[in-house]
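The primary structure of each chain is shown beneath.
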Amino acid sequence: MVKKKFGGEKVGVADILAEPKAAPASTGPAWAKGAGAAGIAAGPLQAAAVRGAPARPGAPGVVGAWARGGPQGLAATATSLNAAAKFAPAARPKPIGAAASRPTLGLKRDLGLAAPVFDSEAFPEAEKLKTAKEITEEKAQAAASAAFPAVENAGEALAALCKAAGVAATEASLTDALNWLLRSGVPEAPSSVARDRVLRAGSLLIEDKASRAAEITAVLEAYFAEKQKSGKSSAKVLEADGLFDAKLFGTVALHVADGAKRSAIRERLVRRLLKPTTTDVVQRAVADALVPLLTKGDEGEQ
């Protein structure tokens, strides 16, 4: 036994040197395992304060800031925070309209579908800008159409058409003369007067070359097939095509020996007449061409 210096109380040396007893295991919640165990190890008074119950019968319980916020309370809080969560919260959906996350450095951002390209392939019917050379050629053709003379017979018609086309006026130049009329003479005519002069020359030439009706029909059909394939036509060109049907196809039909071919041309003119986009000028020309053709058709069928 050793006597304390100030208290005068005798304390056994063996009790001082002996290892403290381990606190009993707790099966309660995290707070009981942390703060409760710490309180029991600290002593009966502190344990009672932590549990909020009297340490011995008749003694008042110690409940206060020390029990809730002292070392025992802090130990319980730390134990609760370190405990594993009983459930994992579900991931929140990304709000609509939220900014896209930035890609990692060195990685390309996925931008989704590529932006549409508006080029000549996407809009084949769009008219391309003309080059300076094309503009110069159009002006020259318009000048040739404006200067086209009035003709009275097939000889003058062939000479005038071949001169405008830049070829020699021979029998072999019939195709070249008609091609200039179809592609330049009428479409580039600066006025209705010049256009009518060119169309009259074409009609006179076809009447004179009735024996070559098959060749003339092939030239006309090739022109319309080319126009249909390109799909690009202005209002002026559409009106010119209607006049070609009336003046040129109508004249060819009068001299075709094949009744089936004549009937096909007649139906073509009727379709042109009934089109809602056909202008008044074209309607009058088609109606004038149909009158002799219907009579010719009846005689051929008989």
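Refer to the structure presented above.
Bear in mind that the values here come from a model prediction, so they are computed numbers and not experimental data.

**Some remarks on the overall build of the chain**
Check the secondary structure of the chain and you find 13 helices and two strands. Going through the 302 residues of the chain one by one, you find that 29% of them count as buried. For the chain, the share of sequence-separated contacts (at least 6 apart) that also reach a separation of at least 24 residues comes to 58%. Surface summary for the chain: the accessible area is close to 20,400 Å², and the carbon and sulfur share equals 59%.

**A word on the environment of G242**
By the secondary structure assignment, G242 is in helix 11 (residues 235-255). Sequence spacing of G242 and T279 is 37 residues, and the spatial spacing of their C-alpha atoms is 8.6 Å. Residues in contact with G242, not counting those within four places in the same chain, are R272, V282 and V286.

**What about the nonpolar core?**
Core analysis: the largest hydrophobic core is formed by 43 residues, its most contacted members being L161, L181, L182 and F244. Counting only elements with at least two residues in this core, the list comes to helix 7 (154-165), helix 8 (174-185), helix 9 (192-208), helix 10 (213-230), helix 11, helix 12 (259-274) and helix 13 (280-301). A per-element tally of this core places helix 11 first, with eight residues.

**Some remarks on the layout of surface pockets**
Its boundaries defined by the atoms lining it, the second largest pocket holds a volume of some 480 Å³. What lines the second largest pocket is a set of 18 residues, and nearest its centre among them are F224, L238, D241, R272 and K275. When contributions to the lining of the second largest pocket are tallied by element, the ones reaching two or more residues are helix 10, helix 11 and helix 12. By residue number, the principal contributor to the lining of the second largest pocket is helix 11, which donates five residues. Class assignment for the residues of the lining of the second largest pocket results in five nonpolar, five polar and eight charged.

**So, the side chain of D245**
By the secondary structure assignment, D245 is in helix 11. Of note is the side chain of D245, whose polar atom sits 2.9 Å from the side chain of R272. Sequence-distant contacts of D245, that is, excluding residues within four places in its chain, are made with F224, G250, R268, L269 and R272.

**A word on the packing of aromatic side chains**
Counting across every chain of the model gives four aromatic pairs. Here the aromatic rings of Y223 and F244 are separated by 5.6 Å at their centres, their planes lie at 80 degrees, and the arrangement is edge-to-face. With Y223 in helix 10 and F244 in helix 11, this pair connects stretches of sequence that are 21 residues apart. Side by side, Y223 and F244 carry an identical accessibility label, which is buried. Each residue in the set Y223, F224, F244 and F249 is aromatic and connected to the rest through ring pairs, giving one cluster.

**Details of the environment of V281**
Inspection of the secondary structure puts V281 in helix 13. Its relative accessible area of 32% is what places V281 among the partly exposed residues. Taking the C-alpha atoms as reference points, V281 and L243, separated by 38 residues in sequence, lie 8.3 Å from one another. The contacts of V281, once residues within four sequence positions are left out, are R195 and L243.

**Observations regarding the pattern of salt bridges**
When the charged atoms of two side chains with opposite charge come close together, those side chains can pair. This structure, assessed with the given rule, holds 11 salt bridges. For R195, the salt bridge is made with E239, and the minimal N-O distance between the two is 2.9 Å. Remark: E239 occurs in helix 11 and R195 occurs in helix 9; sequence separation between them is 44 residues. When the shortest N-O distance is used, the salt bridge between K261 and E221 registers 2.7 Å. Remark: E221 occurs in helix 10 and K261 occurs in helix 12; sequence separation between them is 40 residues. Take K261: its relative accessible area is 30%, and that puts it in the partly exposed class.

**Some points on helix 11**
When the terminal C-alpha atoms of helix 11 are compared, their 30 Å separation across 21 residues agrees well with the 30 Å that a helix rising 1.5 Å per residue should span. The sharpest bend along helix 11 comes to roughly 30 degrees, located at F249. With 15 of 21 residues buried, helix 11 is to be regarded as a mostly interior element.

Rules behind the numbers
Counting restarts for each chain, with residues numbered from 1 along the sequence as it is written. Residues qualify for local features only when their pLDDT is at least 70, as the model is predicted, and side-chain atom pairs are given and counted only at 80 or more; totals for whole chains, interfaces and linings, by contrast, use all residues. Excluding hydrogens and water, the side-chain figures rest on all heavy atoms present in the structure. Each helix is a run of H or I in the DSSP string that is no shorter than four residues. Each strand is a run of E no shorter than two, and both are numbered from the N terminus. Here the term buried applies to any residue with accessible area under 20% of the maximum for its type, exposed to any over 50%, and partly exposed to those in between, with areas from a 1.4 Å probe on protein chains only. Contact between two residues is taken to exist if any of their heavy atoms lie within 4.5 Å; hydrogens are not considered. To be clear on the numbers: accessible area is Shrake-Rupley with a 1.4 Å probe, and residue cover counts the displayed protein chains and nothing else. What we call a nonpolar core is a set of buried Ala, Val, Leu, Ile, Met, Phe, Trp, Tyr and Cys residues that are connected through their side-chain atoms within 4.5 Å. Put simply, the grid is 1 Å and covers the protein atoms alone, a cavity is a trapped set of points that fit a 1.4 Å probe, a pocket is an open set with protein on both sides within 12 Å along at least five of seven lines, and lining residues have an atom within 4 Å of a point. Grid points are joined across faces, edges and corners, and a volume is the space filled by probe spheres set on the points. Lys, Arg, Asp and Glu make up the charged group, whereas Ala, Val, Leu, Ile, Met, Phe, Trp, Tyr, Cys and Pro make up the nonpolar group; the residues left over, Gly among them, are polar. By the criterion applied in these results, polar contacts are pairs of N or O atoms within 3.5 Å in which, for protein atoms, one can donate a hydrogen and the other can accept it, and in which residues neighboring in sequence qualify only through two side-chain atoms. To pair, rings of Phe, Tyr and Trp, with the six-membered ring standing in for Trp, must have centres within 6.5 Å; the planes then decide the type, stacked if under 30 degrees apart, edge-to-face if over 60, and tilted in the middle. Put simply, a salt bridge is a Lys or Arg side-chain nitrogen that is within 4 Å of an Asp or Glu carboxyl oxygen. An expected span of 1.5 Å times one less than the residue number is assigned to each helix. What the bend at a residue measures is the angle between two axes, fitted to the seven residues ending there and to the seven starting there.

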